[in-house]
Amino acid sequence: GNSVTQMEGPVTLSEEAFLTINCTYTATGYPSLFWYVQYPGEGLQLLLKATKADDKGSNKGFEATYRKETTSFHLEKGSVQVSDSAVYFCALKGSNFGNEKLTFGTGTRLTIIP
Amino acid sequence: NAGVTQTPKFQVLKTGQSMTLQCAQDMNHNSMYWYRQDPGMGLRLIYYSASEGTTDKGEVPNGYNVSRLNKREFSLRLESAAPSQTSVYFCASTRQGWVGNTIYFGEGSWLTVV
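Being a predicted model, the structure only gives us computed values, none of them experimental.

Section: the overall build of chain A
Part 1: If you tally the helices and strands in chain A, you get 0 helices and 12 strands.
Part 2: Secondary structure elements of chain A occur, N-terminal to C-terminal, as β-β-β-β-β-β-β-β-β-β-β-β.
Part 3: In terms of overall size, chain A behaves like a compact globule, its C-alpha atoms giving a radius of gyration of 14 Å where 114 residues would be expected to give roughly 13 Å.
Part 4: Referenced to the eigenvectors of the C-alpha coordinate spread, the extents of chain A come out at roughly 45 × 30 × 20 Å.

Brief notes about the interface of chain B and chain A
Part 1: On the side of chain A, 26 residues touch chain B, which itself brings 27 residues to the contact.
Part 2: Both sides together, the interface formed by chain B and chain A hides about 2000 Å², and carbon and sulfur atoms give 57% of it.
Part 3: The three residues of chain B that bury the most area against chain A are Leu 43, Val 99 and Phe 105 of chain B, which together make up 27% of that side's buried surface.
Part 4: Where chain B packs against chain A, one counts 0 salt bridges.
Part 5: Linking chain B with chain A are 7 residue pairs in polar contact (both at pLDDT 80 or more), by the criterion used here.
Part 6: Elements with a contribution of two residues or more to the side of chain B that touches chain A: strand E4 (31-38), strand E5 (42-49) and strand E9 (87-94) of chain B.
Part 7: Among the residues making up the side of chain B that touches chain A, the classes are represented as 13 nonpolar, 10 polar and 4 charged.

Description of the packing of aromatic side chains
Part 1: According to the stated counting rule, one finds 13 aromatic pairs over all chains in the structure shown.
Part 2: Judged by centre distance (5.6 Å) and plane angle (40°), the ring pair of Phe 62 of chain A and Tyr 88 of chain A falls under tilted. Of the two residues, Phe 62 of chain A sits in strand E8 (residues 62-65) while Tyr 88 of chain A sits in strand E10 (residues 86-93), which places them 26 residues apart along the sequence. Neither Phe 62 of chain A nor Tyr 88 of chain A differs from the other in exposure class; each is buried.
Part 3: Measuring from ring centre to ring centre gives 6.0 Å for Tyr 35 of chain B and Phe 105 of chain B, while their planes differ by 45°; the resulting arrangement is tilted. With a gap of 70 residues between them, Tyr 35 of chain B in strand E4 and Phe 105 of chain B in strand E10 (residues 104-105) connect regions that are remote in the sequence.
Part 4: Ring-pair connections join several aromatic residues into one group, and the members of that group are Phe 34, Tyr 36, Phe 89 and Phe 104 of chain A together with Tyr 33, Tyr 35, Tyr 48 and Phe 105 of chain B.

A few points about the pairing of E9 of chain B
Residue and element names in this part refer to chain B.
Part 1: With respect to burial, E9 is a largely interior element, 8 of its 8 residues being buried.
Part 2: Across the two faces of E9 the burial is the same, with Ser 87, Tyr 89, Cys 91 and Ser 93 and Val 88, Phe 90, Ala 92 and Thr 94 all buried.
Part 3: Bridging between E4 and E9 involves 7 bridges; their strand directions are antiparallel. Of the residues in E9, the one forming a bridge with Arg 36 is Tyr 89.
Part 4: As paired elements, E9 and strand E11 (residues 109-113) share 3 bridges and run antiparallel to each other. Along E11, the bridge assignment pairs Val 88 with Trp 110.
Part 5: By the bridge criterion, 2 bridges tie E9 to E10 in an arrangement that is antiparallel. When the bridges of E10 are listed, Ala 92 appears paired with Phe 105.

Quick notes on the state of the cysteines
Part 1: In total, this model carries 2 disulfides over all chains according to the counting rule given.
Part 2: There is a disulfide in this structure between Cys 23 of chain A and Cys 90 of chain A, and the S-S distance comes to 1.9 Å. Across the disulfide from Cys 23 of chain A to Cys 90 of chain A, rotation about the S-S bond amounts to roughly -70°, and the bridge is consequently left-handed. Placement of the pair is Cys 23 of chain A in strand E4 (residues 23-26) and Cys 90 of chain A in strand E10, with a sequence separation of 67 residues.
Part 3: Disulfide pairing places Cys 23 of chain B opposite Cys 91 of chain B at an S-S distance of 1.9 Å. Across the S-S bond linking Cys 23 of chain B and Cys 91 of chain B, the dihedral sits near -75°, which makes this disulfide left-handed. Linking Cys 23 of chain B in strand E3 (residues 19-25) with Cys 91 of chain B in strand E9, this pair joins segments that are 68 residues apart in sequence.

Calculation criteria
- Residues numbered from 1 in each chain as written.
- Chains lettered and ligands numbered in written order.
- Predicted model: local features only at pLDDT ≥ 70, side-chain atom pairs only at ≥ 80, totals over all residues.
- Heavy atoms only, no water.
- Helix = DSSP H or I, 4+ residues; strand = E, 2+ residues; numbered from the N terminus.
- Rg over C-alpha atoms; globule rule 2.2 N^0.38 Å.
- Contact = heavy atoms within 4.5 Å.
- Buried area = accessible area lost by both parts, 1.4 Å probe.
- Salt bridge = Lys/Arg side-chain N within 4 Å of Asp/Glu carboxyl O.
- Polar contact = N/O pair within 3.5 Å; in protein donor to acceptor, adjacent residues only side chain to side chain.
- Nonpolar A, V, L, I, M, F, W, Y, C, P; charged D, E, K, R; others polar.
- Phe/Tyr/Trp six-rings, centres within 6.5 Å; stacked < 30°, edge-to-face > 60°.
- Buried < 20%, exposed > 50% of the residue type's maximum accessible area, 1.4 Å probe, protein only.
- Pairing = 2+ DSSP bridges.
- Disulfide = S-S within 2.5 Å.

Okay, here's the thing in structure tokens:
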């Protein structure tokens, strides 16, 4: 079955540091890949997505590239802010029509200190 | 623009009590999901409904039942609550047909079973 392996947290960085959160996946076919963000006490919001190999998703300064050869979708940001403190989830959606389930990684808690 | 709406937001139950979590979406989506979120385990799929009238078990269905009442509504029922069902529950929905369609989440329901 499909699976997502995500970098363990928690991650603590200083403001303006470079961020990488690793994500690798196992899937059959041609899945789509997503990063969701969860701020304290809130639900999940889509951060970015990529729907085919070599696609780059980007939003709010975050980027991730769908690498089929390494089965990876690492999240990066060049200069983090305190407001980026949240839990980040990598997720995969399978490509079987009518069975498009979303499989999540375990989440990475990110804390940015001023 | 409501999106995915879950009720209740908070609930405390005694062991053995029953309750139903309600979910409704106003985006005319075909597919709906129920997930639970536990520390260190990410989000795990409880049940999935690809369309009105169909439901499928996910990764952790034991102790739960679901009803896809119509296209808009997908409810999750705990028949006899157990402390192991203490969790945060998320409802989600998406338009079926393309693997790249975003899955939208509700704000979550915090359930404590004592």
